[in-house]
Amino acid sequence: MKQSRWDVWIGRQPALFALILLILALMINLIFQPNMFARETLNSNMRVFLPIILLAVGQAIVILGGGIDISVGAIASIVNTVLATRVGLDGSPAQLWQFVFISLLAGLLAGAINGFFIAYLRLQPIITTFATSFVYAGLALFILPNPGGGIPANVVSLYRNTTPFSLPLAFYIIAIVLLAWMYLSSTRYGKFLFAVGGKADAAYETAVPVTWVQFSTYVISGFMAALAGIAITMLSGSGNADIGGPMTLNSITAVVIGGNALSGGVGGVAGPVMGAITLGIIQNIISFASIDTWWVTFVRATIIVVALAAPGLVNLIRRKWS
Amino acid sequence: MKRFSVSPPVAALILAIILFLLSGLLPQGFGSDLNVAQAQATNIVRLAVFLGVIAAGQTLVIISGSEGIDLSAGSVVTLTAILTYVIVNGADARVLPALFISLAVGGLVGFLNGVGITYLRISPFVMTLGMAGVVSGAIIVITHGNVSGRVAPIMTRLIARPLSPNLQIPNAVIIWILFGILMWLLLERSTFGRNLFAIGVNRVTAKLSGVNVTGTNLVTYSLAGALAGFGGFLLVGNTGVVHLQLGQPFLFPSIAAVAVGGTLLSGGKGSYWGTMAGAIVLTLITSLLTTMQMPESVRRMVLGGTLLILISIYGRQRSLRQ
Amino acid sequence: MAELLSARNIVKHYGGVVALSDGNLDVHAREVVALIGANGSGKSTMSKVINGVVVLDGGQLLLDGHPVYFPSPQAAKDAGIATVFQELSLIPQMTVAENIWLTREQLNAFGVVDRKAVHRRTEELLALFEGTFKTGLHPDAPVAALPPDEKQIIEILKAISFDPWLVILDEATASLDSRQVQRLFELVAKWKEQGKAIIFVSHRMEEIFRIADKYSVLRNGKTVGAGNIKDIDEKQLIKLMIEKESALGFLRGEAKSDEKIEPEISLEVENLTTESLHGVSFQIHKGELIGIGGLRGQGQRQLLHSLFGDLPYTGTVKLFNREVHFRHPREAMKAGFALVPGERAREGLLYIRSILDNFLLPSWRRYGFPLKISNAKGDAAQVGSSLNLKMAGLEEPVSSLSGGNAQKVVIGKWLMRNPQVLLLDDPTKGVDVGTKAEFYALLTRLSEEGKTILFYSSDDEELIGLCDRVFVMHDGMIQTELSGKALTKENLIAASLGVSNRGAQ
């Protein structure tokens with residue numbers, strides 16, 4: 001039961017693994033894309049990565065609190081279909097803001113429903129959010145049965161080309177999210193989050209409001225998923241009810257390679273953000289590596305599985321060594 | 001205090017009958033004419049066979065506990081259905097090799113799931129979801145987007161047709177009943193089955209009682225994969241055609257069927273009889289929605305809602321405060 | 001500060017099981033009340049009622065004569081009630097300081113936790129137990145890396161950190177060594193002077209008589225006696241706890257002698273080493289009942305689990321002069337080993353499965369395919385009745401059994417295999433006195449039948465009364481071996497503390 005010094009040290013640097021992986025991916029990507037740090041390339045890469053980054057942040061907070069949220073992709077889909085159908089290609093800015101606001105409320109509500117079932121009715125997080133993901137995906141499909149709709153083109157191009165101080169807009173959004181997390185994690189709520197994810201029974205006996213904390217993590221995740229949905233819509237300019245679904249697994253993968261334990265209570269948010277960027281860069285590399293078109297899906301999926309397996313592999317090898 | 005108790009399989013069967021009778025009240029429902037009703041009922045059970053067989057593997061992994069689940073089942077069904085279709089290509093002689101290959105390929109995917117889950121400690125949900133992507137990728141690699149083949153006459157005769165013209169019981173149902181008996185023998189009358197329940201309840205106790213936990217788990221996932229493979233083989237024998245999304249629609253209902261049948265989603269308790277009854281209930285619900293011409297979106301929401309209600313009834317975890 | 005907390009006619013059910021039917025307790029400030037009872041008598045439930053962890057089904061709590069109701073642990077805390085839990089309430093991934101101050105972190109103006117202040121106040125608390133730590137305990141150490149006794153101390157510090165008026169010590173001394181217990185008792189004396197009240201829940205008579213002012217005895221969920229500790233002795237207390245006094249008749253006493261029972265060596269261990277065992281060697285003869293003693297956490301568990309193939313080790317183990325090295329419990333089981341693990345619920349039982357399933361788990365393979373269930377049932381019923389197992393039927397879940405009967409199922413599943421070597425990890429922990437007596441008789445009988453028994457117990461009386469020889473472990477090694485006339489309580493305690501007989505001269 002005693003942990004070695006290495007374990008303790010690694011336990012305190014959960015994001016280190018993610019950082020090493022990120023640097024590695026960056027170096028490989030640089031070979032394929034020598035101009036990747038040029039403003040334009042950087043901006044176009046980052047705005048593609050942003051949705052997964054936002055989903056990963058929400059996912060990370062739920063996982064830190066001892067849960068998991070399978071419905072994040074479906075929530076992002078709802079937001080995407082709402083914006084694409086209600087704002088429309090010729091919508092006014094006022095309409096856009098109105099529905100961005102409504103989208104955020106929808107995300108909070110979807111998260112609150114998850115949280116209600118899991119925290120207050122005490123259902124298993126995985127299976128519950130799996131069920132709600134079906135409900136939410138159905139709702140998105142109901143709102144927009146066939147891909148289409150959209151938001152005004154000028155909004156899309158404004159979003160794409162805004163680079164304050166020559167840095168991608170995504171950098172600012174990531175910075176705000178990380179600052180918010182730094183603040184949150186050093187407040188009492190942050191301690192509660194780690195306590196609930198670490199050992200819920202013990203936290204309850206210590207008078208931590210366990211149910212409320214669990215509930216809140218799903219609300220946060222719903223909110224982040226709505227932000228991701230907005231980012232997706234801004235990026236693509238159109239609507240598709242199935243756009244978010246496949247992103248769920250990526251958000252979990254980002255959290256895993258970000259160094260957070262899926263069992264909860266260990267890690268942070270910076271690691272998952274780096275994990276999400278790493279995943280994005282890997283996708284980049286695949287598209288540059290001139291792989292046969294028929295193989296791309298297989299290679300992507302295999303890389304995801306290998307990424308998920310990486311922490312386990314490292315552990316297995318270390319156990320064999322010692 | 002005498003407890004009021006109906007075993008879950010019986011409860012599910014009663015639910016199926018009530019649903020069937022209620023559907024008679026709907027304008028486009030079943031059961032308005034006795035002969036029609038009988039034919040409808042037979043048809044529903046026949047359709048339930050495929051869901052039931054696919055849900056067999058799901059039952060095993062869910063009983064194995066530790067959040068056991070197999071999300072790759074849908075892709076595996078598609079893969080083995082396509083393989084069977086291509087290999088058989090109309091020849092009766094190639095049916096047995098195709099069956100063998102379906103079982104082997106399914107078993108291999110399941111084995112890989114098992115390796116990831118047991119040795120690399122990846123959560124079953126995440127591992128099998130990732131594997132679903134890999135299998136989907138493999139399907140694209142194998143088919144290059146289009147498949148050409150044909151099922152053999154003997155398959156249609158053995159699976160889709162009734163036993164004899166006088167006795168209107170489809171062969172598939174007979175196969176299912178025999179299959180059910182084998183599953184019962186496996187779960188209730190074999191050492192493997194007893195060990196499976198044991199690891200589902202408590203893996204530490206199981207190990208300290210001499211159960212090979214890792215081995216049992218690995219076999220369970222391999223078996224689940226092989227059973228999904230068998231499901232693909234049966235399914236193509238019934239439909240006679242394949243497409244790239246053939247198995248996917250069975251995934252969510254297969255999990256819901258297990259839950260309806262009263263198998264604890266947390267593991268360690270359950271039966272295949274329950275899953276069979278659950279498969280009938282789920283098929284009935286899906287058929288009803290189809291008959292009522294509900295769009296895909298509503299179908300998804302109803303399925304998601306069904307599972308949500310089920311886990312709210314069966315899946316409550318213990319309260320922090322007693 | 002409050003002066004008096006009373007619990008009146010407390011009723012609490014868990015499902016269909018009655019944990020408390022008429023619980024009563026009075027605790028005054030400046031007093032230590034010992035809450036005593038056999039296991040399953042409702043002691044822990046009583047503390048959980050007082051600290052708001054469970055919902056009452058009946059009865060009333062009174063604070064200074066006024067009815068109070070605690071809807072949550074927080075409410076009880078607000079009323080100045082702190083609990084040192086038996087099952088630790090610490091978050092392993094968090095640091096010592098974070099754990100102690102959880103929910104009461106000092107915040108600065110922005111709502112951010114003031115780490116410096118928290119650190120300083122943690123150091124002040126740690127100073128209370130200074131000198132009794134085995135590791136360089138500091139506020140930023142993660143709790144997961146601490147040994148059990150230090151976790152327990154953190155638990156104690158956490159409870160007193162908000163200056164409660166009532167402290168509930170629920171088996172708080174169980175994992176502490178004698179120095180740490182001594183320090184705790186000094187603190188308790190100080191708390192009394194400060195006007196605090198203490199509820200002391202313990203099994204250890206010696207500690208109860210050392211520290212308590214009052215006693216209150218629970219039996220089967222009812223308070224059956226209370227008064228001043230001065231007016232009662234150990235024997236009378238035990239009489240209150242159990243209905244019959246028979247349990248104490250287990251001592252083999254006179255029958256025990258220095259001469260060896262059988263000359264044949266059954267189990268020989270040489271230089272067994274793991275992460276926490278530093279070279280353990282011994283020989284056991286066929287039919288010997290060997291005790292393992294020592295303070296908690298000195299490697300006893302690791303020794304038993306290594307022998308059973310559950311933990312990797314280096315060194316040689318010989319069974320009847322044939323070398324064996326088990327890499328999985330399955331191999332050990334096949335060679336005739338059996339392990340009754342220390343944590344019944346977590347390691348020994350399949351809670352939601354039937355008694356039959358639990359009995360047969362290691363033995364199913366014997367019943368072929370398809371399994372001959374009726375044969376299996378017959379065999380299980382036979383073992384059940386030989387153990388005097390009280391059950392409604394083999395199909396009932398194990399969760400329907402009391403602690404003692406559940407432990408019989410754990411032992412019974414091995415008896416079905418007729419093992420040659422029995423390894424037992426504190427098997428009488430949490431078992432009522434009546435069942436204990438049955439276990440003693442069973443172990444004696446088994447050793448007379450020629451089984452080799454290696455038996456760790458946290459109860460010194462048991463070791464002295466039951467065993468032929470006792471290996472006293474300290475820091476992963478066998479410090480001393482005691483047998484015959486040397487097997488006395490004094491020697492056992494001295495050896496436990498790491499003072500070897502030779503070293504003491």
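Residues numbered from 1 in each chain as written. Chains lettered and ligands numbered in written order. Predicted model: local features only at pLDDT ≥ 70, side-chain atom pairs only at ≥ 80, totals over all residues.

Where do I start with the overall build of chain B in this structure?
What chain B contains, in helices and strands, is 13 helices and 0 strands. The globule rule puts the C-alpha radius of gyration for 322 residues at 20 Å, and the 20 Å found for chain B is close to it. C-alpha atoms of chain B, sized along the principal axes, occupy 55 × 50 × 35 Å. (Helix = DSSP H or I, 4+ residues; strand = E, 2+ residues; numbered from the N terminus. Rg over C-alpha atoms; globule rule 2.2 N^0.38 Å.)

Is there a simple way to explain the overall build of chain A in this structure?
The number of helices and strands found in chain A is 14 helices and 0 strands. Reading chain A from its N end, one meets helices and strands in the order α-α-α-α-α-α-α-α-α-α-α-α-α-α. C-alpha atoms of chain A, sized along the principal axes, occupy 65 × 50 × 40 Å. If you take every contact in chain A between residues at least 6 apart in sequence, the share linking residues at least 24 apart comes to 81%. (Contact = placed C-beta atoms within 7 Å.)

Explain the environment of threonine 214 of chain B to me, please; I cannot follow it from the model alone.
Residues and elements named next belong to chain B. Considering the arrangement of structural elements, one finds threonine 214 in helix H10 (residues 213–239). Its 16 C-beta neighbours within 10 Å are what place threonine 214 among the partly exposed residues. Once the C-alpha coordinates of threonine 214 and isoleucine 280 are considered, the two residues, 66 residues apart in sequence, prove to be 33 Å apart. (Buried ≥ 20, exposed ≤ 12 C-beta atoms within 10 Å, placed from the backbone.)

Can you walk me through the environment of glutamine 214 of chain A in this structure?
Residue and element names in this part refer to chain A. Mapped onto the elements, glutamine 214 comes out in helix H11 (residues 210–236). In this structure, the C-alpha to C-alpha distance between glutamine 214 and serine 71, residues 143 residues apart in sequence, is 16 Å. In contact with glutamine 214, not counting residues within four places along its chain, are Gly65, Gly67, Gly115, Ile118, Ala119 and Val196.

Would you take a moment to explain the interface of chain B and chain C for this structure?
How big an interface is tends to be reported as the loss of accessible area on association of its parts. Opposite the 22 residues of chain B that make contact, chain C presents 29 residues. At the level of secondary structure, the elements contributing two or more residues to the side of chain B that touches chain C comprise helix H8 (191–201) and helix H9 (203–208) of chain B. Top contributing element to the side of chain B that touches chain C by residue count: H8 of chain B, with 5 residues.

Can you help me understand the nonpolar core in this one?
The tendency in soluble globular proteins is for nonpolar side chains to be buried as a group. Residues Ile53 of chain A together with Phe200 and Leu423 of chain C are the most contacted members of the largest nonpolar core, which totals 345 residues. The element contributing the most residues to this core is H11 of chain A, with 16 residues. Sequence-distant contacts of phenylalanine 200 of chain C, defined by excluding residues within four places in its chain, comprise Val32, Val33, Ala34, Leu35, Leu169, Ile211 and Ala212 of chain C. (Core = buried A, V, L, I, M, F, W, Y, C linked by C-beta atoms within 7 Å.)

Can you walk me through helix H5 (residues 148–160) of chain C in this structure?
Residue and element names in this part refer to chain C. Compared with an ideal rise of 1.5 Å per residue, which puts 13 residues at 18 Å, H5 spans 19 Å between its outermost C-alpha atoms and is within 8% of the ideal. Across the 13 residues of H5, 10 count as buried, placing the element largely inside the fold. Among the residues of H5, those classed as buried are Asp149, Glu150, Gln152, Ile153, Ile154, Glu155, Ile156, Leu157, Lys158 and Ala159. If you follow the buried residues of H5, they end up packed against strand E6 (81–84), helix H3 (96–101), helix H4 (115–126), strand E7 (166–170) and helix H6 (178–193). (Expected span 1.5 Å × (residues − 1).)

How should the interface of chain A and chain B be read in this particular structure?
In this assembly, 38 residues from chain A lie in contact with 42 residues from chain B. Elements supplying a minimum of two residues to the side of chain A that touches chain B: helix H6 (125–143), helix H10 (200–205), helix H12 (247–257) and helix H14 (293–321) of chain A. Looking at the side of chain A that touches chain B residue by residue, the class counts come to 29 nonpolar, 7 polar and 2 charged. (Nonpolar A, V, L, I, M, F, W, Y, C, P; charged D, E, K, R; others polar.)

What is the right way to look at the sheet that holds strand E14 (residues 314–319) of chain C in this model?
Each strand in a sheet pairs with its neighbour through backbone hydrogen bonds, running either in the same direction (parallel) or in the opposite one (antiparallel). Residues and elements named next belong to chain C. In space, the 4 strands of this open sheet follow the order E12-E11-E14-E15, with antiparallel pairing throughout. In this open sheet, the two strands that pair with only one neighbour each are strand E12 (278–285) and strand E15 (322–324). Ignoring strand direction, the axes of neighbouring strands in this sheet form an average angle of 15°. Judged from the 6 bridges that link them, strand E11 (residues 265–273) and E12 form a sheet pairing that is antiparallel. Looking at the pairing, leucine 267 lines up with isoleucine 284 of E12. (Pairing = 2+ DSSP bridges. Axes fitted to C-alpha atoms, helices over the stretch in contact; angles between N-to-C directions.)

In this structure, what is going on with the confidence of the model for chain B? I would like to understand it.
When pLDDT is low, close inspection of the predicted coordinates is not appropriate. Scored by pLDDT, chain B has a mean of 88; 93% of the residues are at 70 or more. Predicted complex, confidence summary: ipTM 0.88, pTM 0.85. (pLDDT = per-residue confidence, 0-100.)

Where do I start with the sheet that holds strand E20 (residues 477–483) of chain C in this structure?
Residue and element names in this part refer to chain C. Strands sit in the order E16-E17-E18-E13-E19-E20 across an open sheet of 6 strands; the sheet is mixed. In this open sheet, the two edge strands, each paired with only one partner strand, are strand E16 (337–340) and E20. Averaged over all pairs of adjacent strands, the angle between their axes in this sheet comes to 20°, without regard to strand direction. Judged from the 4 bridges that link them, strand E13 (residues 289–293) and strand E18 (residues 452–456) form a sheet pairing that is parallel. Counted as the bridge partner of isoleucine 292 is tyrosine 456 from E18. In this fold helix H15 (residues 433–448) packs onto E13, strand E17 (421–425) and E18, with an angle of close to 150° to the strand it touches most, E18.

What's the story with the pairing of strand E10 (residues 222–228) of chain C in this structure? I'm lost.
One face of the sheet, then the other: side chains in a regular strand alternate in exactly this way. All names here are of chain C. Here strand E9 (residues 214–219) pairs with E10 via 6 bridges, running antiparallel. In the strand pairing of E10, valine 217 is matched with glycine 225. Between E9 and E10, which follow one another and run antiparallel, lie 2 residues, and asparagine 220 among them has a positive phi close to 50°.

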